[in-house]
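# Inside the fold
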Amino acid sequence: MNKHFATLLLISLAFFSFCPAASAADPGKPTQTKIEDAPQTAKSKPLPVAVELEGTDTIGAKLAFQLKETFNASSLFSLTDKEEPKIKLLISTTPEFSERPSVGSAYSVVWVYYERSSTFASVLTREVGTVTLEDVPALVVRLAERTSGLGARYGYLFE
């Protein structure tokens, strides 16, 4: 089961990596926003973010819950599910060992720029790893920092 998940995860990451380029070539598809890689200065408006979890393991659920809690409590972020431009964190988790689900979880986080439902989301970056229950708080801080960095880099998209 875990080998199948890992294979599916790698295939989905590869698909997300090439999806924006492939979709832009088809004129019958929704429009694609061009994403430029240009660092921006800090802005006073909070960065709109959303967190979506796919997974049923408890460690993954705790990771997503604490990440949402961190975004909601911080003045740097605005946790939202509104139809507006935002950075979405797509999190997928599964138990590292199916016979011992509380030992650890394998996770995948894909950061995408979401403008609206009529456009394709653009992949900004991704991360794959494993996490234990004790490591969740440190991982949450690191993911929030990385999200903040992406907000600074692509801040012009939210003006």
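Up top you'll find the structure we're talking about.
The structure contained in this document is the topic of the report that follows. Just so it is clear, the structure is predicted and the values come from calculations on it, not from any experiment. (Residues numbered from 1 in each chain as written. Predicted model: local features only at pLDDT ≥ 70, side-chain atom pairs only at ≥ 80, totals over all residues. Heavy atoms only, no water.)

Moving on, we come to the packing of aromatic side chains. Applying the stated rule across the entire model yields two aromatic pairs. A centroid spacing of 5.6 Å and a plane angle of 75° characterise the contact between Tyr113 and Phe158, whose relative ring orientation is edge-to-face. Remark: Phe158 occurs in the segment after α3 (136-153) and Tyr113 occurs in strand β4 (residues 105-114); sequence separation between them is 45 residues. The exposure class of Phe158 is buried, given its relative accessible area of 8%. Here Lys88 stacks its cationic end above the ring of Tyr114, 4.2 Å away from the centre of that ring. We note Arg100 situated over the ring of Phe97; from NZ or CZ to the ring centre the distance is 5.0 Å. (Phe/Tyr/Trp six-rings, centres within 6.5 Å; stacked < 30°, edge-to-face > 60°. Helix = DSSP H or I, 4+ residues; strand = E, 2+ residues; numbered from the N terminus. Buried < 20%, exposed > 50% of the residue type's maximum accessible area, 1.4 Å probe, protein only. Lys NZ or Arg CZ within 6 Å of the ring centre and 35° of its normal.)

Counted under the stated rule, the structure contains four salt bridges. Across the pair Lys88 and Glu52 runs a salt bridge, and its minimum N-O distance is 2.9 Å. Note that Lys88 is positioned in strand β3 (residues 86-95) and Glu52 in strand β1 (residues 47-54), a separation of 36 residues in sequence. Here Arg146 and Glu127 are joined by a salt bridge, their closest N and O atoms 2.9 Å apart. Here Arg146, found in helix α3, pairs with Glu127, found in strand β5 (residues 122-131); they are 19 residues apart in sequence, far enough to count as distant. For Arg146, a relative accessible area of 31% gives the class partly exposed. One continuous salt-bridge network, built from bridges that share partners, spans Glu127, Arg142 and Arg146. (Salt bridge = Lys/Arg side-chain N within 4 Å of Asp/Glu carboxyl O.)

A rise of 1.5 Å per residue sets the reference length of helix α2 (residues 58-73), with its 16 residues, at 22 Å; its end C-alpha atoms lie 22 Å apart and thus fit the reference within 8%. Where α2 is buried, its residues contact β1, β2 (77-79), β3, β4, β5 and α3. (Expected span 1.5 Å × (residues − 1). Contact = heavy atoms within 4.5 Å.)

Two modes of strand pairing occur in sheets, parallel and antiparallel, and in both the strands are linked by backbone hydrogen bonds. Strand order across the open sheet formed by five strands is β2-β1-β3-β4-β5, with mixed pairing between neighbours. The sheet is open, and its two borders are formed by β2 and β5, each paired with just one other strand. Strand-to-strand twist across the sheet, computed as the mean angle between neighbouring axes with direction ignored, equals 25°. Bridge analysis of β3 against β4 gives ten bridges, and the strand direction is antiparallel. Directly across from Leu89, in β4, lies its bridge partner Trp111. Across the sheet, α2 is in contact with β1, β2, β3, β4 and β5; its angle to β1 comes to roughly 170°. Of the strands in this sheet, β1, β2, β3, β4 and β5 touch α3, which is tilted by about 165° from β5. (Pairing = 2+ DSSP bridges. Axes fitted to C-alpha atoms, helices over the stretch in contact; angles between N-to-C directions.)

Next up on the list: the nonpolar core. In this structure, Leu67, Phe71, Ile87 and Trp111 are the most contacted members of the largest nonpolar core, which totals 27 residues. Breaking this core down by element, the ones donating at least two residues are β1, α2, β3, β4, β5 and α3. It is α3 that contributes the most residues to this core, six residues altogether. For Phe71, the residues in contact, after removing those within four places along its chain, are Val49, Val51, Phe77, Leu79, Leu89, Ala144 and Thr147. (Core = buried A, V, L, I, M, F, W, Y, C linked by side-chain atoms within 4.5 Å.)

Attention shifts here to the pairing of β3. β3 sits mainly inside the fold: nine of its ten residues count as buried. For β1 and β3, the ladder comprises six bridges, and the chain directions are parallel. Looking at β3, one finds that Glu52 is bridged to Leu90.

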